[in-house]
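# Fold and geometry: a report
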2 protein chains.
Amino acid sequence: MKKTCTFVLSAAIAVTAGVAFAGGHGGNPAVKARQAHMQLYSFNLGILGAMAKGEVDYDADVAQGAADNLAALSTLNQARYWAPGTDNEALGEETRALPAIWQEGSTAGQIGGQLAEAAASLAAVAGDGQEALGPALGPVGQACGACHEDYRAEAN
Amino acid sequence: MKKTCTFVLSAAIAVTAGVAFAGGHGGNPAVKARQAHMQLYSFNLGILGAMAKGEVDYDADVAQGAADNLAALSTLNQARYWAPGTDNEALGEETRALPAIWQEGSTAGQIGGQLAEAAASLAAVAGDGQEALGPALGPVGQACGACHEDYRAEAN
């Protein structure tokens, strides 16, 4: 029988053994989870962006799949990984998330809602043809940019 | 105006500029995407596993949120990141995905379907109380383990 890594086994025996597995191999688990989430946004946006720009042939099924993924990701429950105390002042270089995300007057949650709306609108038209992608990607990109501009530290 | 990283801008201007963004800062984009996907499985399983074991107080909303996340993640369209040619023989240490995933007779897709079913069943009961978690996590863990055992190389 092959060895399996901590996270695999942990799923299988979560109830019967004392294996801690969220977080994997170091680093703050919440930060790692939200960076993973962003990675999946990026991957799916990359597919759609390349088709919108004509760098890749339009494929209705692939476009629809990517847009559906974005819509689903944007509605995941992210409360646990946008956890208070996981900003860049608390954790340092591990994250670029600014404390303002969690401060009074933060619009981060609202922007998240705008992203979900924009992604749903994109998913509604992504299978309709290459021309539909560009206009529908605009509001998605605006939501991404709005949050990053106000709530993410500059890259070093 | 703050600088924004490649992936942010790329979303905003995907249609008008020639910025390539899927993949981020090196590494195979498909591998990075599926590892991100696994990271999100792990994070949400961690929440549920800790509650099931009594390490963390049961919270119906949190449990439901994590289980809903797992169910949504398990039904994402993953075809693009389980791309042929991205196994560990082709890419080396970057991935532990075995070529068998893509070979005739592979049951990886079938196991993925079992995971989706198990996650849906978990989501159906996750808000019902702490006792419901353990039995419902079992089949989820079995699906994780089945795929990892047959289709993932041992860790070095």
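Now for a look at the structure at hand. (Residues numbered from 1 in each chain as written. Chains lettered and ligands numbered in written order. Predicted model: local features only at pLDDT ≥ 70, side-chain atom pairs only at ≥ 80, totals over all residues. Heavy atoms only, no water.)

This brings us to the overall build of chain A. When you go through chain A residue by residue, the secondary structure sums to six helices and zero strands. The secondary structure elements of chain A, listed N-terminal to C-terminal, are α-α-α-α-α-α. Taken across its 156 residues, chain A has 49% of its residues classed as buried. Restricting to contacts in chain A with at least 6 residues of sequence separation, those with at least 24 account for 64%. If you sum the accessible surface of chain A, you get close to 7,100 Å²; carbon and sulfur atoms cover 52% of it. (Helix = DSSP H or I, 4+ residues; strand = E, 2+ residues; numbered from the N terminus. Buried < 20%, exposed > 50% of the residue type's maximum accessible area, 1.4 Å probe, protein only. Contact = heavy atoms within 4.5 Å. Areas by Shrake-Rupley, 256 points an atom, 1.4 Å probe, with all protein chains shown as cover.)

Where two cysteines share a covalent bond between their sulfur atoms, that bond is called a disulfide. One pass over the structure, following the stated rule, counts zero disulfides over all chains. Unpaired in this structure, Cys 147 of chain A has its nearest cysteine sulfur neighbour in Cys 144 of chain A, at a distance of 8.8 Å. (Disulfide = S-S within 2.5 Å.)

The full count for this structure, using the stated rule, is four aromatic pairs over all chains. On the basis of an interplanar angle of 75 degrees and a centroid distance of 5.4 Å, the ring pair of Tyr 81 of chain A and Phe 43 of chain B is categorised as edge-to-face. You can see Tyr 81 of chain A sitting in the loop between helix 3 (60-74) and helix 4 (88-91) and its partner Phe 43 of chain B sitting in helix 2 (residues 29-52), one on each of two chains. Consider the rings of Trp 82 of chain B and Trp 102 of chain B, whose centres lie 6.4 Å apart with planes at 45 degrees: the pair is tilted. Here Trp 82 of chain B, found in the loop between helix 3 (60-74) and helix 4 (88-91), pairs with Trp 102 of chain B, found in the loop between helix 4 and helix 5 (108-125); they are 20 residues apart in sequence, far enough to count as distant. Accessibility expressed as a relative area gives 26% for Trp 82 of chain B, which makes it partly exposed. Using a relative accessible area of 25% as the deciding quantity, one classes Trp 102 of chain B as partly exposed. (Phe/Tyr/Trp six-rings, centres within 6.5 Å; stacked < 30°, edge-to-face > 60°.)

Let's shift gears to the packing of helix 2 of chain B against helix 3 of chain B. Residues and elements named next belong to chain B. At a minimum axis distance of 9 Å, the contact between helix 2 and helix 3 shows a crossing angle of 150 degrees. Relative to helix 3, the element helix 2 lies roughly antiparallel. Both helix 2 and helix 3 take part in a crossing whose hand is left-handed. Of the residues in helix 3, those in contact with His 37, Leu 40, Tyr 41, Asn 44, Leu 45, Ile 47, Leu 48 and Met 51 of helix 2 are Val 62, Ala 63, Ala 66, Ala 67, Asn 69, Leu 70, Leu 73 and Ser 74. Grouping the amino acids of the contact of helix 2 with helix 3 by side-chain chemistry returns twelve nonpolar, four polar and no charged. (Axes fitted to C-alpha atoms, helices over the stretch in contact; angles between N-to-C directions. Parallel < 35°, antiparallel > 145°, perpendicular 65-115°, else oblique. Left-handed = near helix turned anticlockwise from the far one by under 90°. Nonpolar A, V, L, I, M, F, W, Y, C, P; charged D, E, K, R; others polar.)

This part takes up the side chain of Gln 78 of chain B. Residues and elements named next belong to chain B. Within the secondary structure layout, Gln 78 lies in the loop between helix 3 and helix 4. Overall, the relative accessible area of 18% leaves Gln 78 in the buried class. A polar side-chain atom of Gln 78 sits 2.9 Å from a polar atom in the side chain of Trp 82. Residues in contact with Gln 78, not counting those within four places in the same chain, are His 37, Tyr 41 and Leu 73. (Polar contact = N/O pair within 3.5 Å; in protein donor to acceptor, adjacent residues only side chain to side chain.)

Residues and elements named next belong to chain A. Counting through the fold element by element, Asp 150 comes out in helix 6 (residues 130-151). Take Asp 150: its relative accessible area is 44%, and that puts it in the partly exposed class. Separated by 49 residues in the primary sequence, Asp 150 and Ile 101 place their C-alpha atoms 8.6 Å from one another.

Honestly, it's all geometry; don't read function into it.
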